[in-house]
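Architecture at a glance
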Amino acid sequence: MIMSEDKISWQALGNDQYCLSGCLERDTVPAFWLRRKEWMPDSNKVSLDLGGLSRVDSAGMVMLLHLHQQLSSAGCDFTLLNVPEQLKTLLRLSHVEPILATCMKRVVARIACGNL
C-alpha cells in the first residue's frame, strides 16, 4: 500500500517495514497527520525507514514524536531507520533527542522503497 499526501509518501513494505519519503514539513504534515487512520500501522512492531526524506522541519519532527508516542503507548516496538542528519540536528537543538534516541538505528542500506 502506498499513501501519499502532497509531497509525503508512506509505503507499507510488509513484514512490519515501512518507508516514509518526500518533504515532511509544515506545508505537508497537517493534512497527512489528519489522515493517519489510513496509514497508521496496527502492529506490535514497526520499522520506519526515513532515508527517503528530502526535507524535514520542526513540524515533521513533531509528527514523528507524536507517531512514536502513539505507537509506544499502544505497546508497539517502534524503530526509526536511516534518520536524516537534518532531523537529528532538529532533535538535538530542541532538546528532545532522548525521546527518540532509543528507537533510532543506523542502517548501512535502505529498505527497498521502490520508486516513490
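Notes on the structure follow. (Residues numbered from 1 in each chain as written. Predicted model: local features only at pLDDT ≥ 70, side-chain atom pairs only at ≥ 80, totals over all residues. Heavy atoms only, no water.)

1. A word on the packing of aromatic side chains
Taken as a whole and judged by the stated rule, the model has four aromatic pairs. With a centroid separation of 4.7 Å and 40° between ring planes, the pair formed by Trp10 and Trp39 is classed as tilted. With Trp10 in strand β2 (residues 8-14) and Trp39 in helix α2 (residues 36-39), the pair connects residues that are 29 residues apart, well separated along the chain. Accessibility classification places Trp10 together with Trp39 in one group, the buried group. The structure contains a cluster of three or more aromatic residues connected by ring pairs, namely Trp10, Tyr18, Phe32, Trp33 and Trp39. (Phe/Tyr/Trp six-rings, centres within 6.5 Å; stacked < 30°, edge-to-face > 60°. Helix = DSSP H or I, 4+ residues; strand = E, 2+ residues; numbered from the N terminus. Buried < 20%, exposed > 50% of the residue type's maximum accessible area, 1.4 Å probe, protein only.)

2. Re the environment of Gln69
You can see Gln69 is positioned in helix α3 (residues 58-73). For Gln69, a relative accessible area of 45% gives the class partly exposed. Measuring from C-alpha to C-alpha, the distance between Gln69 and Ile99 comes to 9.2 Å, with 30 residues separating the pair along the chain.

3. Details of the packing of α3 against helix α4 (residues 85-93)
Running from N to C, α3 and α4 point in directions that differ by 80°, and their axes come no closer than 10 Å. Of the possible angle classes, the one that applies to α3 and α4 is roughly perpendicular. Only Leu87, Leu90 and Leu91 of α4 make contact with α3, whose side of the interface consists of Ser58, Met61, Leu64 and Leu65. Partitioned by chemical class, the residues of the contact of α3 with α4 number six nonpolar, one polar and no charged. (Axes fitted to C-alpha atoms, helices over the stretch in contact; angles between N-to-C directions. Parallel < 35°, antiparallel > 145°, perpendicular 65-115°, else oblique. Contact = heavy atoms within 4.5 Å. Nonpolar A, V, L, I, M, F, W, Y, C, P; charged D, E, K, R; others polar.)

4. Quick notes on the pattern of salt bridges
For the structure on display, the rule yields five salt bridges. Glu85 is the partner of Lys88 in a salt bridge, and the nearest nitrogen-oxygen pair spans 3.4 Å. Here Lys88 and its partner Glu85 are both found in helix α4, three residues apart, which amounts to about one turn of the helix. For Lys88, a relative accessible area of 22% gives the class partly exposed. On the accessibility criterion, Glu85 (52% relative accessible area) is exposed. (Salt bridge = Lys/Arg side-chain N within 4 Å of Asp/Glu carboxyl O.)

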